[in-house]
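Residue-level structure breakdown
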Amino acid sequence: EAGVAQSPRYKIIEKRQSVAFWCNPISGHATLYWYQQILGQGPKLLIQFQNNGVVDDSQLPKDRFSAERLKGVDSTLKIQPAKLEDSAVYLCASSVGQTNNEQFFGPGTRLTVL
Amino acid sequence: AQSVTQLDSQVPVFEEAPVELRCNYSSSVSVYLFWYVQYPNQGLQLLLKYLSGSTLVKGINGFEAEFNKSQTSFHLRKPSVHISDTAEYFCAVIPRSGSARQLTFGSGTQLTVLP
């Protein structure tokens, strides 16, 4: 069974530029999550989708971050414009459903904002 | 709201020695508990989870954890570590019920196994 795929693995941009990350969850997983992991910290949930609907985006900085999952499968996370403090690893995870307790994580995208 | 405290940010240990990584949590509701491992440049992998039943939970790679409700702890143990266990370990909790349940992670413990 293929795992959660993410691309790119690494991205370096300058502040005020835009960037987008892509995630393809495990086939059949209805719930998809985006996490931000700042160096030295645990992952923090940014947004959670159930199929193509948003379940929780309370910690998403909506003035600069956006995410979509139009067909209920893969998802993109965008930052526009980026700030220095956005430097982090962005992790995508998926699970069978909201009530299923095991989330499967992708390898992450390491973003460096200069 | 939930919070998770991992009491040690770094734990160095010699190969074949036992290790304990400590985790305490705070929550106003009942939670499920998890330990994840993150190897360099990789995503998180589930080590073990406590949902219900026996408070001693066995996971992959010889790890185990014990849920202590009175002390709100979920410490991770391994009787004999290997070099390959060097990684970052995260404790996490999620509410047992509710409309928008999210995983809350601790800040992680870097386990370094020395030869």
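Refer to the structure printed above.
Here is a short report on the structure shown in this document.

Cut-offs and rules
Residues numbered from 1 in each chain as written. Chains lettered and ligands numbered in written order. Predicted model: local features only at pLDDT ≥ 70, side-chain atom pairs only at ≥ 80, totals over all residues. Heavy atoms only, no water. Core = buried A, V, L, I, M, F, W, Y, C linked by side-chain atoms within 4.5 Å. Buried < 20%, exposed > 50% of the residue type's maximum accessible area, 1.4 Å probe, protein only. Contact = heavy atoms within 4.5 Å. Phe/Tyr/Trp six-rings, centres within 6.5 Å; stacked < 30°, edge-to-face > 60°. Helix = DSSP H or I, 4+ residues; strand = E, 2+ residues; numbered from the N terminus. Pairing = 2+ DSSP bridges. Axes fitted to C-alpha atoms, helices over the stretch in contact; angles between N-to-C directions. Disulfide = S-S within 2.5 Å.

Another aspect to go through is the nonpolar core. In terms of nonpolar packing, the biggest core is built from 28 residues, with L33, W35, L47, L48, F74, L76 and Y89 of chain B touching the most fellow members. Excluding its chain neighbours within four sequence positions, the residues that come into contact with L47 of chain B are W35, Y36, V37, G59, I60, N61, F63, L76 and Y89 of chain B. Listed in part, the 21 residues of the second largest apolar core include V4, L32, W34 and V113 of chain A.

With that settled, the discussion passes to the packing of aromatic side chains. One pass over the full model with this rule turns up 13 aromatic pairs over all chains. Pairing Y35 of chain A with F105 of chain B gives two aromatic rings, centres 5.9 Å apart and planes at 85 degrees, and the pair type is edge-to-face. A residue pair is termed interchain when its members come from two chains, as with Y35 of chain A in strand β4 (residues 31–37) and F105 of chain B in strand β11 (residues 104–105). By relative accessible area, Y35 of chain A is classed as buried at 0%. Relative accessible area serves as the criterion here: at 9%, F105 of chain B is assigned to the buried category. Taken together, a centroid distance of 6.4 Å and an interplanar angle of 90 degrees make the contact between F90 of chain B and F105 of chain B edge-to-face. Taken together, the positions of F90 of chain B in strand β10 (residues 87–95) and F105 of chain B in strand β11 put the pair 15 residues apart, joining distant regions of the chain. As far as burial versus exposure is concerned, F90 of chain B and F105 of chain B are alike and both buried.

Residue and element names in this part refer to chain A. Pairing in this open sheet of 4 strands is antiparallel, and the strands run β1-β3-β8-β7 from one edge to the other. Because the sheet does not close on itself, it has two edges, and the strands there are β1 (5–7) and β7 (65–68). Here the average twist between neighbouring strands, direction ignored, is 15 degrees. Bridge analysis of strand β3 (residues 19–24) against strand β8 (residues 75–79) gives 5 bridges, and the strand direction is antiparallel. When the bridges of β8 are listed, F21 appears paired with L77.

Time to look at the state of the cysteines. Applying the stated rule across the entire model yields 2 disulfides over all chains. Residue pairing for C23 of chain A: its cysteine sulfur links by disulfide to C92 of chain A, the two sulfurs lying 1.9 Å apart. Note on the C23 of chain A and C92 of chain A pair: the S-S dihedral is about -70 degrees, so by sign convention the disulfide is left-handed. Taken together, the residues span a long stretch of sequence, with C23 of chain A in strand β3 and C92 of chain A in strand β9 (residues 88–95) at a distance of 69 residues. The buried category is assigned to C92 of chain A, whose relative accessible area is 0%. Residue C23 of chain B pairs covalently with C91 of chain B via a disulfide, S to S 2.0 Å. Taking the sign of the S-S torsion, -70 degrees for the link of C23 of chain B and C91 of chain B, the bridge is left-handed. Of this pair, C23 of chain B sits in strand β4 (residues 23–27) while C91 of chain B sits in strand β10, and the two are 68 residues apart along the sequence. Taken individually, C23 of chain B and C91 of chain B each receive the classification buried, so the pair is uniform in this respect.

Residues and elements named next belong to chain A. Looking at chain direction, β7 and β8 are connected through 4 bridges and run antiparallel. Looking at the pairing, F65 lines up with I79 of β8. Adjacent in sequence and paired antiparallel, β7 and β8 are bridged by 6 residues, among which G72 carries a positive phi angle near 75 degrees.

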